[in-house]
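Residue-level listing of the chains:
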Amino acid sequence: QVQLVESGGGLVHPGGSLRLSCTASGITLSTIMGWFRQAPGQQRESVAIISSGGNANYADSVSGRFAISIDNAKNTVYLQMNSLKPEDTAVYSCNAYNLRTNRSYWGKGTLVTVSS
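Residues numbered from 1 in each chain as written. Predicted model: local features only at pLDDT ≥ 70, side-chain atom pairs only at ≥ 80, totals over all residues. Heavy atoms only, no water.

## A look at the overall build of the protein chain
Broken down by element type, the protein chain carries zero helices and 11 strands. Ordered by position from N to C terminus, the α and β elements of the protein chain give β-β-β-β-β-β-β-β-β-β-β. In terms of C-alpha radius of gyration, the protein chain reaches 13 Å, essentially the compact-globule figure of 13 Å for 116 residues. Its C-alpha atoms give the protein chain principal-axis dimensions of about 45 × 25 × 25 Å. Taking contacts inside the protein chain between residues at least 6 apart in sequence as the whole, the part at least 24 apart equals 53%. For the protein chain, the exposed surface amounts to about 6,400 Å²; the carbon and sulfur share of it is 47%. Positive and negative side-chain charges in the protein chain, numbering 9 and 6 respectively, have mean positions lying 8 Å apart. (Helix = DSSP H or I, 4+ residues; strand = E, 2+ residues; numbered from the N terminus. Rg over C-alpha atoms; globule rule 2.2 N^0.38 Å. Contact = heavy atoms within 4.5 Å. Areas by Shrake-Rupley, 256 points an atom, 1.4 Å probe, with all protein chains shown as cover. Lys, Arg positive; Asp, Glu negative; His and termini not counted. Charge placed at Lys NZ, Arg CZ, Asp CG, Glu CD.)

## What about the pairing of strand E4 (residues 31–38)?
Burial runs high along E4: six of the eight residues are buried. Where E4 lies against strand E9 (residues 90–98), eight bridges are found, and the strand directions are antiparallel. From the neighbouring strand, Trp 35 faces E9, where its bridge partner is Cys 94. Pairing of E4 with strand E5 (residues 45–50) involves five bridges; the strand directions are antiparallel. Bridge assignment links Met 33 to a residue of E5, and that residue is Ile 50. Following E4, the chain reverses through six residues before pairing antiparallel with E5; Gly 41 in that reversal takes a positive phi of roughly 75 degrees. (Buried < 20%, exposed > 50% of the residue type's maximum accessible area, 1.4 Å probe, protein only. Pairing = 2+ DSSP bridges.)

Spelled out as structure tokens, the structure:
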């Protein structure tokens, strides 16, 4: 059974940085990991995704400010968020997508608030 546990959210001032972590259990190498976010009153959107081989893609809104990375030995994916803006405020959720089974798994999410 796949389980995802996020950590690292919190309150940060505009221009600040945060690092989110997502530790996974029960995943395989055929899994794409990603971070999504949902702001109040808005639809969930993809922020960044990464393969086990380290190939990453980013939403235009975060490209150049956020960096996703994966530590396969620790089954952990990170999202380093720099130059944060108030519009980055959202619940950030970790996702694991199994390419072989087409099943998607979600963590409970962690709140990131960017405010002065």
